[in-house]
Amino acid sequence: MGTDAGPTDRALLLRHGQGDGSAFGVLYDRYAARLLFFAHSLVGDSALAEDLLQECFLRLLDLEPAEIRHESFRNLLYMILRNLARDESRRRATRLK
């Protein structure tokens, strides 16, 4: 990125919370492709990976923006997604028993 990297992730979340509908789209565009690839590598199913990606962003919206540090935002998304994939794997294993 150049010298103007745009608003921080935290700032975008704050703007979304204040009613700026485009702010969430910017966040989604920043991370969705990489997160989808990661989700697919965890679950091996494209449709499930897309569902987990959507759930990841919904969980993000449940968080208070003030609690999210700029430098940890990406890691937070990956952690949420990894936990969702693990939970789904456990649910599937329970159903198979």
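Residues numbered from 1 in each chain as written. Predicted model: local features only at pLDDT ≥ 70, side-chain atom pairs only at ≥ 80, totals over all residues. Heavy atoms only, no water.

Turning to the overall build of the chain, a few remarks are in order. Helix and strand counts for the chain stand at 4 helices and 0 strands. Taken over 97 residues, the chain has a buried fraction of 32%. Contacts in the chain between residues far apart in sequence, at least 24 positions, make up 58% of those at least 6 positions apart. Just so you have it, the chain exposes about 6400 Å², and 52% of that area is on carbon and sulfur atoms. (Helix = DSSP H or I, 4+ residues; strand = E, 2+ residues; numbered from the N terminus. Buried < 20%, exposed > 50% of the residue type's maximum accessible area, 1.4 Å probe, protein only. Contact = heavy atoms within 4.5 Å. Areas by Shrake-Rupley, 256 points an atom, 1.4 Å probe, with all protein chains shown as cover.)

When pLDDT is averaged along the chain, the result is 87; 89% of the residues meet or exceed 70. For the chain, helix H1 (residues 9–17) is the element with the lowest average pLDDT, namely 86, and helix H2 (residues 21–43) is the one with the highest, namely 95. (pLDDT = per-residue confidence, 0-100.)

Relative to each other, H1 and H2 sit at 145 degrees, their axes nearing to 7 Å. Here H1 and H2 pass one another in a crossing that is left-handed. On H2, the residues that touch Asp-9, Leu-12, Leu-13, Arg-15 and His-16 of H1 are Ser-22, Ala-23, Phe-24, Val-26, Leu-27, Arg-30 and Tyr-31. (Axes fitted to C-alpha atoms, helices over the stretch in contact; angles between N-to-C directions. Left-handed = near helix turned anticlockwise from the far one by under 90°.)

Our next topic: the environment of Glu-50. Structurally, Glu-50 can be placed in helix H3 (residues 46–62). For Glu-50, a relative accessible area of 44% gives the class partly exposed. Along the backbone, Glu-50 and His-40 are 10 residues apart, and their C-alpha atoms lie at a distance of 8.1 Å.

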